[in-house]
Amino acid sequence: MASKLKDQRRADLIIPYVPSEPKPEEAAADFASTLSSTLPMAALFTRNKMIAWSALVFAVQAWLNETPAQLASGKQPGYFSIGMSAMSVVVTYLPMFKAPRNVPASGTDAPAPKAA
(Lines give C-alpha, C1' and ligand atoms only; values in the text may rest on other atoms or scores of the structure.)
Protein backbone atom coordinates (compact mmCIF):
# COMPACT_ATOMS: atom_id res chain seq x y z
CA MET A 1 0.00 0.00 0.00
CA ALA A 2 2.89 2.36 0.76
CA SER A 3 4.40 1.74 -2.68
CA LYS A 4 1.28 3.13 -4.39
CA LEU A 5 1.66 6.57 -2.75
CA LYS A 6 3.35 9.33 -4.71
CA ASP A 7 6.76 10.52 -3.46
CA GLN A 8 6.23 14.04 -2.08
CA ARG A 9 9.93 15.05 -2.08
CA ARG A 10 11.14 17.48 -4.73
CA ALA A 11 14.29 16.50 -6.58
CA ASP A 12 15.40 20.13 -7.06
CA LEU A 13 15.67 20.65 -3.26
CA ILE A 14 18.00 17.70 -2.61
CA ILE A 15 21.40 18.73 -1.22
CA PRO A 16 24.00 15.98 -1.43
CA TYR A 17 25.92 15.12 1.74
CA VAL A 18 29.60 16.01 1.65
CA PRO A 19 31.52 14.79 4.74
CA SER A 20 34.03 17.20 6.21
CA GLU A 21 37.49 15.73 6.64
CA PRO A 22 39.66 16.77 9.60
CA LYS A 23 42.98 18.34 8.85
CA PRO A 24 45.77 15.77 9.24
CA GLU A 25 48.02 18.09 11.26
CA GLU A 26 45.25 18.63 13.83
CA ALA A 27 44.72 14.89 14.28
CA ALA A 28 48.45 14.29 14.74
CA ALA A 29 48.73 17.14 17.25
CA ASP A 30 45.76 15.87 19.21
CA PHE A 31 47.24 12.39 19.38
CA ALA A 32 50.60 13.73 20.52
CA SER A 33 49.04 15.88 23.23
CA THR A 34 46.95 12.93 24.40
CA LEU A 35 50.05 10.77 24.70
CA SER A 36 51.99 13.52 26.44
CA SER A 37 49.31 13.82 29.12
CA THR A 38 48.48 10.12 29.66
CA LEU A 39 51.94 8.55 29.57
CA PRO A 40 53.17 10.34 32.73
CA MET A 41 50.19 8.96 34.62
CA ALA A 42 50.93 5.45 33.37
CA ALA A 43 54.54 5.87 34.49
CA LEU A 44 53.43 7.03 37.93
CA PHE A 45 51.08 4.08 38.37
CA THR A 46 53.50 1.42 37.15
CA ARG A 47 56.78 3.10 38.23
CA ASN A 48 58.23 2.05 34.89
CA LYS A 49 61.30 4.08 33.94
CA MET A 50 60.98 3.48 30.19
CA ILE A 51 57.41 4.80 30.16
CA ALA A 52 58.52 7.84 32.16
CA TRP A 53 61.34 8.69 29.75
CA SER A 54 59.13 8.17 26.70
CA ALA A 55 56.52 10.41 28.33
CA LEU A 56 59.14 13.12 28.71
CA VAL A 57 60.16 12.79 25.04
CA PHE A 58 56.52 12.92 23.88
CA ALA A 59 55.86 15.96 26.07
CA VAL A 60 58.84 17.86 24.64
CA GLN A 61 57.76 16.97 21.10
CA ALA A 62 54.18 18.08 21.75
CA TRP A 63 55.44 21.34 23.24
CA LEU A 64 57.71 22.04 20.29
CA ASN A 65 54.90 21.26 17.81
CA GLU A 66 52.33 23.57 19.39
CA THR A 67 50.65 25.93 16.95
CA PRO A 68 49.23 29.37 17.72
CA ALA A 69 45.78 27.99 16.85
CA GLN A 70 46.08 25.38 19.59
CA LEU A 71 47.14 28.01 22.11
CA ALA A 72 44.24 30.24 21.09
CA SER A 73 41.72 27.40 21.46
CA GLY A 74 42.53 27.12 25.16
CA LYS A 75 44.18 23.72 25.25
CA GLN A 76 46.63 22.79 27.99
CA PRO A 77 50.03 24.39 27.35
CA GLY A 78 52.89 22.05 26.53
CA TYR A 79 55.03 23.04 29.49
CA PHE A 80 52.41 21.58 31.86
CA SER A 81 52.90 18.20 30.19
CA ILE A 82 56.68 18.59 30.46
CA GLY A 83 56.33 19.28 34.19
CA MET A 84 54.13 16.25 34.71
CA SER A 85 56.54 14.07 32.71
CA ALA A 86 59.55 15.33 34.62
CA MET A 87 57.74 14.56 37.86
CA SER A 88 57.04 11.02 36.65
CA VAL A 89 60.75 10.52 35.90
CA VAL A 90 61.64 11.74 39.41
CA VAL A 91 59.05 9.50 41.04
CA THR A 92 60.25 6.41 39.18
CA TYR A 93 63.84 7.01 40.34
CA LEU A 94 62.84 7.98 43.89
CA PRO A 95 63.21 4.46 45.41
CA MET A 96 66.91 4.50 44.45
CA PHE A 97 67.56 7.49 46.71
CA LYS A 98 65.05 6.92 49.47
CA ALA A 99 65.28 3.45 50.97
CA PRO A 100 62.01 1.83 52.04
CA ARG A 101 61.41 1.66 55.78
CA ASN A 102 61.63 -1.66 57.59
CA VAL A 103 58.16 -2.28 58.91
CA PRO A 104 57.96 -4.75 61.83
CA ALA A 105 55.82 -7.86 61.43
CA SER A 106 52.17 -7.38 62.17
CA GLY A 107 51.68 -10.66 64.03
CA THR A 108 49.46 -12.16 61.37
CA ASP A 109 52.30 -13.70 59.38
CA ALA A 110 52.95 -17.45 59.21
CA PRO A 111 55.02 -18.76 62.13
CA ALA A 112 58.76 -19.14 61.63
CA PRO A 113 59.97 -22.69 60.92
CA LYS A 114 61.29 -24.54 63.94
CA ALA A 115 64.97 -25.45 64.02
CA ALA A 116 65.64 -29.22 64.01
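Residues numbered from 1 in each chain as written. Predicted model: local features only at pLDDT ≥ 70, side-chain atom pairs only at ≥ 80, totals over all residues. Heavy atoms only, no water.

Looking only at helices and strands, the chain has four helices and zero strands in total. Residue burial in the chain is summarised as follows: out of 116 residues, 16% are buried. For the chain, restricting intrachain contacts to residue pairs at least 6 apart in sequence, the fraction spanning at least 24 positions comes to 64%. Counting only carbon and sulfur atoms, one obtains 66% of the accessible surface of the chain, whose full area is about 10100 Å². (Helix = DSSP H or I, 4+ residues; strand = E, 2+ residues; numbered from the N terminus. Buried < 20%, exposed > 50% of the residue type's maximum accessible area, 1.4 Å probe, protein only. Contact = heavy atoms within 4.5 Å. Areas by Shrake-Rupley, 256 points an atom, 1.4 Å probe, with all protein chains shown as cover.)

It is worth spelling out the confidence of the model for the chain at this point. On average, residues of the chain score 83 in pLDDT, and 84% of them are at 70 or above. When the elements of the chain are averaged for pLDDT, helix α3 (residues 68-72) gives the smallest value, 78, and helix α2 (residues 49-64) the largest, 93. (pLDDT = per-residue confidence, 0-100.)

On to α2. Across its 16 residues, α2 extends 23 Å between first and last C-alpha, which sits within 8% of the 22 Å expected from 1.5 Å per residue. Capping the start of α2, Asn-48 holds a side-chain oxygen 3.0 Å from the backbone nitrogen of Met-50, two or three residues further along. (Expected span 1.5 Å × (residues − 1). Polar contact = N/O pair within 3.5 Å; in protein donor to acceptor, adjacent residues only side chain to side chain.)

Another aspect to go through is a nonpolar patch on the surface. Among the surface-exposed residues, Val-60, Trp-63, Leu-64, Tyr-79 and Phe-80 lie close enough to one another that they form a single nonpolar patch of about 540 Å² accessible area. Every element with two or more residues in the nonpolar patch is listed here: α2 and α4 (78-97). Looking at the nonpolar patch, the element that brings in the most residues is α2, giving three residues. With respect to the helices and strands, the residue Val-60 is situated in helix α2. (Patch = residues over 30% accessible without salt bridge, like charges linked within 9 Å, V, L, I, M, F, W, Y side chains within 5 Å. Salt bridge = Lys/Arg side-chain N within 4 Å of Asp/Glu carboxyl O.)

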